Amino acid sequence: MIDAVVASVKENIATDLAKKGTDPHFAVRVLNSRDNPDPFGQPDVSRVVVGGTIAESGIPTIGISSSIDPGNYGHEDTALVLLDLLSAAAPNPNSLNTYLGPRSDKIGFIGRGLGNIITHEIGHYSGNWHTDQFDDTANLMDQGGNIAQMLGVGADGIGGTADDVDVDFTTDSYTPQEPFTGSEDTLNTTAWAYSRGLG
């Protein structure tokens, strides 16, 4: 499971941003606490803490970032992704279990889904606001409330099957629940947040 989550985050952050973004100086390293010593506290190291519950954190959410940092001027951010709602019994609409079926690749789906949620929080401290979770564009920065789209559940409504969607950073409309109008290029906002020319 850890391998699948790490692979998802690396695909979203390192691979896609290098291939699709416009920053020729893009550079980022994705580490994890199982395989790497914890470098948090050193310059230019941000982290996402994965685990725990709403009761333990006192924060009624699935994930939260310490900031939304346009330009990524603060390079030592923290985000939190809690697991209690994500691992709740079906049919909780926030639970990964709700979208699993007998044919699901469970490890692949949970790894990708959790990786997408982790990446969403990284997107915030890289400078992105929320995008519209109810339009036709699946975006890693979609606001909560349509978790099936964030997880990449395909038309069959079951995760871990052949019609699942690879959700990426892209250009999308801001969510109407927040005070912005227009569109946001979350791909290049994130790619340029990790330019070697910054910092």
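That block above? That's the structure.
This report concerns the structure included in the present document. All values reported here derive from a predicted model rather than from experimental measurement.

## Some thoughts on the packing of aromatic side chains
A full pass over the atoms with the stated rule returns 2 aromatic pairs. With centroids separated by 4.8 Å and ring planes inclined at 55°, the aromatic side chains of Trp129 and Phe180 adopt a geometry described as tilted. You can see Trp129 sitting in the loop between α3 (106-125) and α4 (147-151) and its partner Phe180 sitting in the loop between β4 (171-173) and β5 (183-185), a full 51 residues away along the chain. According to the relative accessible area criterion, Trp129 is partly exposed, its value standing at 27%. On the basis of relative accessible area, Phe180 is assigned to the partly exposed category, the value being 31%. An angle of 35° between the planes, with centres 5.3 Å apart, marks the rings of Tyr174 and Phe180 as tilted. Through a chain of ring-to-ring contacts, the aromatic side chains of Trp129, Tyr174 and Phe180 assemble into a single cluster. Here the guanidinium or amino end of Arg47 rests over the ring plane of Phe40, the centre of that ring lying 3.8 Å away.

## A short note on the layout of surface pockets
Taken as a whole, the largest pocket encloses approximately 1,400 Å³ of empty space. Mapped by element, the contributors of at least two residues to the lining of the largest pocket are α1 (2-20), β1 (47-50) and α3. Per-element accounting of the lining of the largest pocket gives the leading share, 5 residues, to α1. Taken together, the residues of the lining of the largest pocket sort by class into 25 nonpolar, 9 polar and 6 charged. Gly63, His120, Glu121, Gln143 and Gly144 are the residues nearest the centre of the second largest pocket, which is lined by 21 residues in total. Looking at the lining of the second largest pocket, the elements with two or more residues in it are β2 (63-65), α3 and α4. Broken down by element, the lining of the second largest pocket gets its largest block of residues, 4 residues, from α3. Looking at the lining of the second largest pocket residue by residue, the classes come out as 6 nonpolar, 12 polar and 3 charged.

Criteria and thresholds
- Residues numbered from 1 in each chain as written.
- Predicted model: local features only at pLDDT ≥ 70, side-chain atom pairs only at ≥ 80, totals over all residues.
- Heavy atoms only, no water.
- Phe/Tyr/Trp six-rings, centres within 6.5 Å; stacked < 30°, edge-to-face > 60°.
- Helix = DSSP H or I, 4+ residues; strand = E, 2+ residues; numbered from the N terminus.
- Buried < 20%, exposed > 50% of the residue type's maximum accessible area, 1.4 Å probe, protein only.
- Lys NZ or Arg CZ within 6 Å of the ring centre and 35° of its normal.
- 1 Å grid on protein atoms, 1.4 Å probe; cavity = no way out; pocket = protein on both sides within 12 Å on 5 of 7 lines; lining within 4 Å.
- Points joined across faces, edges and corners; volume = space filled by probe spheres on them.
- Nonpolar A, V, L, I, M, F, W, Y, C, P; charged D, E, K, R; others polar.

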